[in-house]
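Single-letter residue listing:
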Amino acid sequence: AQSVTQLDSQVPVFEEAPVELRCNYSSSVSVYLFWYVQYPNQGLQLLLKYLSGSTLVKGINGFEAEFNKSQTSFHLRKPSVHISDTAEYFCAVSYHTGGFKTIFGAGTRLFVKA
Amino acid sequence: GAVVSQHPSWVICKSGTSVKIECRSLDFQATTMFWYRQFPKQSLMLMATSNEGSKATYEQGVEKDKFLINHASLTLSTLTVTSAHPEDSSFYICSADNRGRYYEQFFGPGTRLTVL
């Protein structure tokens, strides 16, 4: 079975500070990895994805993530956050077992303080 | 490109009535559309997967007769919540893949359903 664990439910951080949102996954099959951002009462916006190739993935809004197969992790980072980055962030894995499915982590609330 | 719309964005209905939510891919054809449910401050839970022209595949624990899904074309899927009750109140989000490229999902803005 596949699972996604986001280790922090909330991450408060000051503006212009760096941030890391942690994500670990478990899977018996090959997966694709994603990070999404959700603003209040909105759908999900893709930040970045890892399909194959380079383990360091760069996304929109200055975010990047590194796929670590041995540690089954896909942590999201940003070197300097802005107030506008305050949102809910979801790590997700997609896999194909007779049909395509995506499962999401519980989410991490990033709160950027002035 | 790759825009997914949902209609309505929010709906309030009385208990016992049925509500239909539309999900449209505006500028691409979606082989598969997915329906998710999200409770306040929680993650998204996959309810069902629908493929154009075939019956939807429901996740375990999701009532097929309560949540009717129709994928009439490559650009439209509908979710009908039948005989809605207050516990069905939730945020419903659809997503669509782009021509079978299942590693690329595009999400709609969501529909907030409140059942009184």
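Scroll up to find the structure.
Residue indices begin from 1 for each chain and proceed along its sequence in written order. Here every chain gets a letter starting at A, and every ligand a number starting at 1, in the order they are written. Local features in this predicted model are restricted to residues of pLDDT 70 or higher, and side-chain atom pairs are both shown and tallied only at a pLDDT of 80 or more, whereas totals for entire chains, interfaces and linings draw on every residue. Hydrogen atoms and water are omitted, and side-chain values are computed over all heavy atoms in the structure.

Participant: Any chance you could explain the packing of aromatic side chains here in plain terms?
Facilitator: Aromatic ring pairs: the centre-centre distance and the angle between the two ring planes describe each pair. Working definition: a ring pair exists when centres of Phe, Tyr or Trp rings (six-membered ring for Trp) sit within 6.5 Å. Plane angles under 30 degrees give stacked, over 60 give edge-to-face, the rest tilted. By the definition in use, this model includes 12 aromatic pairs over all chains. With a centroid separation of 5.9 Å and 20° between ring planes, the pair formed by phenylalanine 34 of chain A and tyrosine 36 of chain A is classed as stacked. Taking the centre distance of 5.8 Å and the plane angle of 40° together, the rings of tyrosine 36 of chain B and phenylalanine 107 of chain B count as tilted. Here tyrosine 36 of chain B, found in strand E4 (residues 32-38), pairs with phenylalanine 107 of chain B, found in strand E10 (residues 101-107); they are 71 residues apart in sequence, far enough to count as distant. Under the scheme applied here, a residue whose accessible area is under 20% of the maximum for its type counts as buried, over 50% as exposed, and between as partly exposed, the area being computed with a 1.4 Å probe on protein chains only. Using a relative accessible area of 0% as the deciding quantity, one classes tyrosine 36 of chain B as buried. Assessed through its relative accessible area of 9%, phenylalanine 107 of chain B is described here as buried. Connected via pairs of aromatic rings, a cluster forms that spans Phe34, Tyr36, Phe90 and Phe104 of chain A together with Tyr36 and Phe107 of chain B. Put simply, a charge is over a ring when the Lys NZ or the Arg CZ is close to the ring centre, within 6 Å, and near the line of the ring normal, within 35 degrees. Positioned above the aromatic ring of phenylalanine 14 of chain A, the side-chain terminus of lysine 113 of chain A is 4.4 Å from the ring centre. Under the DSSP-based scheme used, a helix requires at least four consecutive residues in state H or I and a strand at least two consecutive residues in state E, with every element numbered from the N terminus.

Participant: Looking at this structure, how should I read the interface of chain A and chain B?
Facilitator: It is common to give the size of an interface as the accessible area lost on bringing the parts into contact. In this assembly, 19 residues from chain A lie in contact with 19 residues from chain B. Summed over both partners, the accessible surface that disappears when two parts come together, traced with a 1.4 Å probe, is what is meant by buried area. Here chain A meets chain B over a buried area of about 1600 Å², counting both sides, of which 59% is carbon and sulfur. Broken down residue by residue, the surface that chain A buries against chain B is led by Leu44, Phe100 and Phe104 of chain A, which jointly contribute 33%. Salt bridge, as used here, is a side-chain nitrogen of Lys or Arg placed within 4 Å of a carboxyl oxygen of Asp or Glu. Summed over the shared surface of chain A and chain B, the number is one salt bridge. A salt bridge links glutamate 59 of chain B to lysine 101 of chain A; the nearest nitrogen and oxygen atoms lie 3.2 Å apart. Counted as a polar contact is a pair of N or O atoms within 3.5 Å, where, for protein atoms, one must be capable of donating a hydrogen and the other of accepting one, and residues adjacent in sequence contribute only when both atoms are in side chains. Taken together, chain A and chain B are joined by five residue pairs in polar contact (both at pLDDT 80 or more). Within the residue set of the side of chain A that touches chain B, elements represented by two or more residues are strand E5 (32-38), strand E6 (44-50), strand E10 (87-96) and strand E11 (100-104) of chain A. Contacts are residue-level and defined by heavy atoms, with any inter-residue pair within 4.5 Å sufficient.

As far as function goes, none of this settles anything; it's purely spatial.
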